[in-house]
Each structure stands twice: as structure tokens, then as C-alpha cells.
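So the chains spell out like this:
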Amino acid sequence: MVRAQTRAYQEGTGEFLMRPRFVIVTAAALCAATSAGAAERPRGVVELFTSQGCSSCPPADRIVGDLARDPSLVVLSLPVDYWDYIGWKDTLASPQCTARQKGYAQARGDGQVYTPQAVIDGVAHVVGADRDAVVQSIAAHAGALKLDVDAKTANGRVTVDVGAGADANASVWLMEIQPTATVEVGRGENAGRTLTYANVVRKMTRLGEWTGKPAHFDAPSNAAPGDRYVALVQTGAVDRPGAVLGAAFAN
């Protein structure tokens, strides 16, 4: 099989190709939302769309692992399932992750769906294995996360408080993540390799809509032991996500 820096799915043709490089807002909740500003805003959100079946992805997975150690960044790994047919079923892949990646491509209008693809702040994408490109894109979009977001887990619940902002009509998402995962790949392009992933997205739940005013969101915490939550406030439709306005790890 031919090797390349990225693997891409051509939207609209159905062909794969190689490409070179529940919520109630109360008065008390409005007061609680003011605490969202207490948490420092991250300087960027990086989402890596990756696959255990893609030989071009391990370098990107390592880069994301390094970036995930930076507390000023929200870094997520989103394993996709559309390479499962080439010899190895990705043990972490989720149809939700695949749908999110394709939704980004539709929202941008460029149809570019490939692995490893890093999406920065919901608006830009670069080859995830290109460390310089990822770092430069983070810097280029610095300051884009203008919303104060605070997330907490306690007593079997996860709460998200979002501050006020000029933008309106955004979705509040709760991402359940596995902080680290190690997989021994038995077949396919990465056969025999042991791959490690950081902040793997296991589930995405839309908590509700943020309309520009301080708001409080609450949901049961059903995460597996050791897993964490990330809250995102993001423009766009559910099936066509847009710019990320704010983000936070749950404490």
C-alpha cells in the first residue's frame, strides 16, 4: 500500500485517496456563572482526527501527547472509523468523531477529511504530523477563545458555567475523555506497534444552547473511573460545527 503524509476521504465522491501533504437557567445560576471568569482561558483548542489504521498518524499522536502536557491548551484526540476496512478495526474509534470531522469539512466548505488532521479552535486545519504547522496555527488564532467557561464534577454531577459574550446561539458540548490510552495494534499498516493516545474523546453530549448571557448547565456524570470532562462552547449547527468560543477542563 502506498504511504503518504496524510490519508484523505474525498467528500461527495465516496472515494478514499492519498493526499500529500438538560438545562434550566435561574437567577442563582446567573450568579454562579460569574465564577466562570475565575478560570484562566485556554489559548487554544486542538482536535486531532486520527486512526490506528493509518501509518501517517503515530507522529501526530506523539505531537498531541506533548501538547496535552501544556495546561494552557485543550488538546483532544478523536479517533475515526473510516479506515477500519484496510485491515485493523480502531479500538477507540467512534462514529461521533467521524461525523464531527466531516461536519467541520462541510462547515468550512473545503471537503477536506484526512488523517492525521488537526483542527484548531474549530476554524482551521493543518496536517497533524507537522508540529510547526500546528504550533503556528495555535499562535495565529491566539485570543479567539473569548468566553469564560468553568466546569466542575462533584457528587455525581458535572456542571458548566458560561459567562457573558457578544456572540450568541452557540452550543455547549460536554466531551467525556480518557486521559491516556495505549493500544497494541495487531494488523494493518501499524501492525506490531504500540500506540499511545492523549485525551481520547469517548462521548460527546450537547448540553444546550448559550445565547450570549451567563448560563449554567448541569448533567449527570457517568464517566468511567479516571476519565475527565471537557466543556466546549461552539458556534455552528450540530452537524456543522464552527468556531470554538470557549473551553475548559472540568476540575
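None of the values given here were measured: they were computed from a predicted structure.

We now examine the overall build of the chain. The helix and strand tally for the chain stands at four helices and 14 strands. Per-residue burial for the chain yields a buried fraction of 50% across its 251 residues. Accessible area of the chain: about 10900 Å², with a carbon and sulfur share of 52%.

Attention shifts here to the sheet that holds strand 9 (residues 157–162). Strand order across the open sheet formed by three strands is 8-9-12, with antiparallel pairing between neighbours. The two strands at the open ends of the sheet, each matched to only one other strand, are strand 8 (149–154) and strand 12 (215–220). Each strand axis lies, on average, 15° off the axis of its neighbour in the sheet, ignoring direction. Here strand 8 pairs with strand 9 via six bridges, running antiparallel. Counterpart to Thr153 in the pairing with strand 9 is Val158.

What follows concerns the packing of aromatic side chains. Tallying each qualifying case throughout the model produces three aromatic pairs. Note on Phe49 and Tyr104: the rings are 6.2 Å apart at their centroids and 75° apart in plane angle, and the pair reads as edge-to-face. Here Tyr104 lies in helix 3 (residues 95–108) and Phe49 lies in strand 3 (residues 44–50), a separation of 55 residues in the sequence. Each member of the pair, Phe49 as well as Tyr104, is classed as buried. Geometrically, the ring pair formed by Tyr82 and Trp83 is edge-to-face, given 5.4 Å between the ring centres and 65° between the ring planes. Judged by its relative accessible area of 2%, Trp83 falls in the buried class. Connected via pairs of aromatic rings, a cluster forms that spans Tyr82, Trp83 and Tyr85.

Each value, and the rule that gives it
- Per chain, residues are indexed from 1 in the order of the written sequence.
- Selection of residues for local features in this predicted model requires a pLDDT of at least 70, selection of side-chain atom pairs for listing and counting requires 80 or more, and totals for whole chains, interfaces and linings are taken over all residues.
- Side-chain numbers here rest on the full set of heavy atoms in the structure, without hydrogens or water.
- Only DSSP runs of H or I reaching four residues or more are called helices, and only runs of E reaching two or more are called strands; each is numbered from the N terminus.
- Relative accessibility thresholds used throughout: buried, under 20% of the residue-type maximum; exposed, over 50%; partly exposed, between the two (1.4 Å probe, protein chains only).
- With residues, only the protein chains shown are counted as cover, and all accessible areas are computed by Shrake-Rupley using a 1.4 Å probe.
- If DSSP finds at least two bridges between two strands, the strands pair.
- Note on geometry: axes are C-alpha line fits, over the in-contact stretch for helices, and angles between N-to-C directions span 0 to 180 degrees.
- For Phe, Tyr and Trp, where Trp contributes only its six-membered ring, two rings pair if their centres lie within 6.5 Å, and the inter-plane angle classes them as stacked under 30 degrees, edge-to-face over 60, or tilted in between.

On their own, these measurements won't tell you what the molecule is for.
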